[in-house]
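Next come the chains, spelled out residue by residue.
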Amino acid sequence: MNAIFEQRKYDSDFHVWTHSYRNLYSLPHYHPEIQIIRIREGCTNITIHKDTYFCHAGDILFCRGSEPHSVCSIPGQNCIVDFIAISPTVFRYITRANYQVKRHIPLEELEKEGMVEFSNQVFFIVQKELKEKPFGYQEAIQSILELFLVYYTRYFLIDPPQKVEPPKYANLIRVQKVMNYIEQNYSQEITLKKAAELMGYEPCHCSKMFKKLTGMNFISYLNNVRIKKAIEKIHWTDHSITQIAFECGFHNVRNFNRVFKTVTGQSPTGFLNTIFQQTDCAQSETSSQNSPAFIYFEEEWD
């Protein structure tokens, strides 16, 4: 799976993050943080590495750091997904026990091990502590998450257990400058030569190293970032497809259409029409509840 490296920003040196989304659609991406995912309502497809899981309400998923993953909500399901992202530098247990655990735990397996209520408490406590930040909140979050991960490893270890090497994050620092530069300058012309200068390599070596560390070549990564930005603009602005193409660094609409379809499987116009159709459908289904509905992109949900 080709994926974009995602660098999360924190408001403190305590690198734990939690968010909830309704009807999330995300392009493949990866990050150093370990991620615990809960399906709160509805159904959705979640892909981790090369495996896609059809998930129902109550299921839990575990995504190791640097594993590429994506979420593709199913139209009409009105799905809510909760995320907790945990930096491996924060938790002692993660660095001690690098064992392979199951990525997807259906609700039935959680019920069998008596983990349903505790899992729900973990998400509630982490969200509440991070929001209110009372005295000792960091210690409280660290304690409950480490206990959860101990139980998760105990009950859902892959059989036979295999110890695996922890992912190497230090090498990502070499491409971090390039990724940050692309994020800030995606609308401008960005060449492999410029990326090589930022990394301190010759262009040829830069290209090989970039692919080794990110899983895709430099041009593919740049195009993925640009299409991700284009999707945001399609969803949140009234700009024309042509205007969005130039705003995202493409020199002509034909190339933009080709790259967009390669990344998403749809043309920009088809993608836009799908948003309108699914949003109209979801709004008509939920209008009696006065509930907002957005399809095909992230909406933060408290």
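Scoring rules and cut-offs
- Residues numbered from 1 in each chain as written.
- Predicted model: local features only at pLDDT ≥ 70, side-chain atom pairs only at ≥ 80, totals over all residues.
- Heavy atoms only, no water.
- Helix = DSSP H or I, 4+ residues; strand = E, 2+ residues; numbered from the N terminus.
- Buried < 20%, exposed > 50% of the residue type's maximum accessible area, 1.4 Å probe, protein only.
- Contact = heavy atoms within 4.5 Å.
- Areas by Shrake-Rupley, 256 points an atom, 1.4 Å probe, with all protein chains shown as cover.
- Pairing = 2+ DSSP bridges.
- Axes fitted to C-alpha atoms, helices over the stretch in contact; angles between N-to-C directions.
- Salt bridge = Lys/Arg side-chain N within 4 Å of Asp/Glu carboxyl O.
- Core = buried A, V, L, I, M, F, W, Y, C linked by side-chain atoms within 4.5 Å.
- Phe/Tyr/Trp six-rings, centres within 6.5 Å; stacked < 30°, edge-to-face > 60°.
- Lys NZ or Arg CZ within 6 Å of the ring centre and 35° of its normal.
- Parallel < 35°, antiparallel > 145°, perpendicular 65-115°, else oblique.
- Nonpolar A, V, L, I, M, F, W, Y, C, P; charged D, E, K, R; others polar.

Draft legend 1. Region of the structure containing the overall build of the protein. Broken down by element type, the protein carries 11 helices and 10 strands. The buried share among the 302 residues of the protein stands at 47%. Taking as baseline every contact in the protein between residues at least 6 positions apart, the subset at least 24 positions apart corresponds to 73%. Accessible surface computed for the protein: about 15500 Å², of which carbon and sulfur atoms make up 50%.

Draft legend 2. Representation of the pairing of strand β2 (residues 16-22). Most of β2 is tucked away, with six of its seven residues classed as buried. Judged from the seven bridges that link them, β2 and strand β9 (residues 80-86) form a sheet pairing that is antiparallel. Note on β9: the bridge partner recorded for Arg22 is Ile80.

Draft legend 3. Region of interest: the sheet that holds strand β4 (residues 34-41). Taken together, the five strands give an open sheet; going across it, the order is β2-β9-β4-β7-β10, and neighbouring strands pair in antiparallel fashion. Both edges of this open sheet fall to β2 and β10 (104-105), since each of them pairs with a single strand only. Sheet analysis places strand β7 (residues 60-63) next to β10, joined by two bridges and oriented antiparallel. The partner of Leu61 across the bridge, within β10, is His104. In the packing of helix α3 (residues 116-132) onto the sheet, contacts are made with β2, β4, β7 and β9, and the angle to β2 comes to roughly 110°. Set on the sheet, helix α4 (residues 137-155) makes contact with β2, β4, β7, β9 and β10; between it and β7 the angle comes to about 100°.

Draft legend 4. Quick look at the pattern of salt bridges. For the structure shown, the criterion picks out eight salt bridges. The shortest N-O distance in the salt bridge between Arg38 and Asp82 comes to 2.6 Å. A residue pair is termed long-range when its members are at least 10 positions apart, and Arg38 in strand β4 and Asp82 in strand β9 qualify at 44 residues. In terms of burial, Arg38 and Asp82 fall into one category: buried. Among the ionic pairs, Asp82 bridges to Arg40, the shortest N-O distance being 2.8 Å. One end of the pair, Asp82, is in strand β9; the other, Arg40, is in strand β4, with 42 residues separating them in the sequence. Exposure remark for Asp82: the relative accessible area of 0% places this residue in the buried category. Sharing partners across several salt bridges, the network here consists of Arg38, Arg40 and Asp82.

Draft legend 5. Structural context of the nonpolar core. Of all hydrophobic cores here, the largest spans 38 residues; its most connected members are Ile182, Met199, Phe218, Tyr221, Phe256 and Phe260. Elements represented by at least two residues in this core include exactly β1 (4-5), α5 (173-185), α6 (192-199), α7 (203-214), α8 (218-236), α9 (241-247) and α10 (253-264). Of all the elements, α8 adds the most residues to this core, at eight residues. For Phe256, the contacting residues outside a window of four places in its chain are Ile227, Ala230, Ile241, Ile244, Ala245, Phe250 and Pro268.

Draft legend 6. Up close: the packing of aromatic side chains. Counted under the stated rule, the structure contains 15 aromatic pairs. Ring centres of Phe210 and Tyr221 lie 5.4 Å apart, and the angle between their planes is 75°; on these two criteria the pair is classed as edge-to-face. A residue pair is termed long-range when its members are at least 10 positions apart, and Phe210 in helix α7 and Tyr221 in helix α8 qualify at 11 residues. Pair check on accessibility: Phe210 and Tyr221 agree, each one buried. Over the ring of Tyr155 we find Arg154, and its NZ or CZ is 6.0 Å from the ring centre. It is Arg226 that lies over the ring of Phe250; its NZ or CZ is 6.0 Å from the centre.

Draft legend 7. Quick look at the packing of α8 against α10. Remark: α8 packs on α10, axes separated minimally by 10 Å, with the N-to-C direction vectors making an angle of 95°. In terms of orientation, α8 and α10 fall into the roughly perpendicular class. Contacts between α8 and α10 involve Asn223, Asn224, Ile227, Ala230, Ile231 and Ile234 on the former and, on the latter, Phe256, Val259, Phe260, Val263 and Thr264. In terms of residue class, the contact of α8 with α10 is built from eight nonpolar, three polar and no charged.

Draft legend 8. The pairing of strand β5 (residues 44-48), seen in detail. For β5, the buried fraction is high: four of the five residues fall into the buried class. Here β5 pairs with strand β6 (residues 51-55) via five bridges, running antiparallel. Residue pairing in the sheet places Ile46 in a bridge with Tyr53 of β6. Hairpin connection between β5 and β6: a loop of two residues separates the two successive antiparallel strands, and His49 in this loop has a positive phi of roughly 60°. Where β5 and strand β8 (residues 69-73) come together, five bridges link them in antiparallel fashion.

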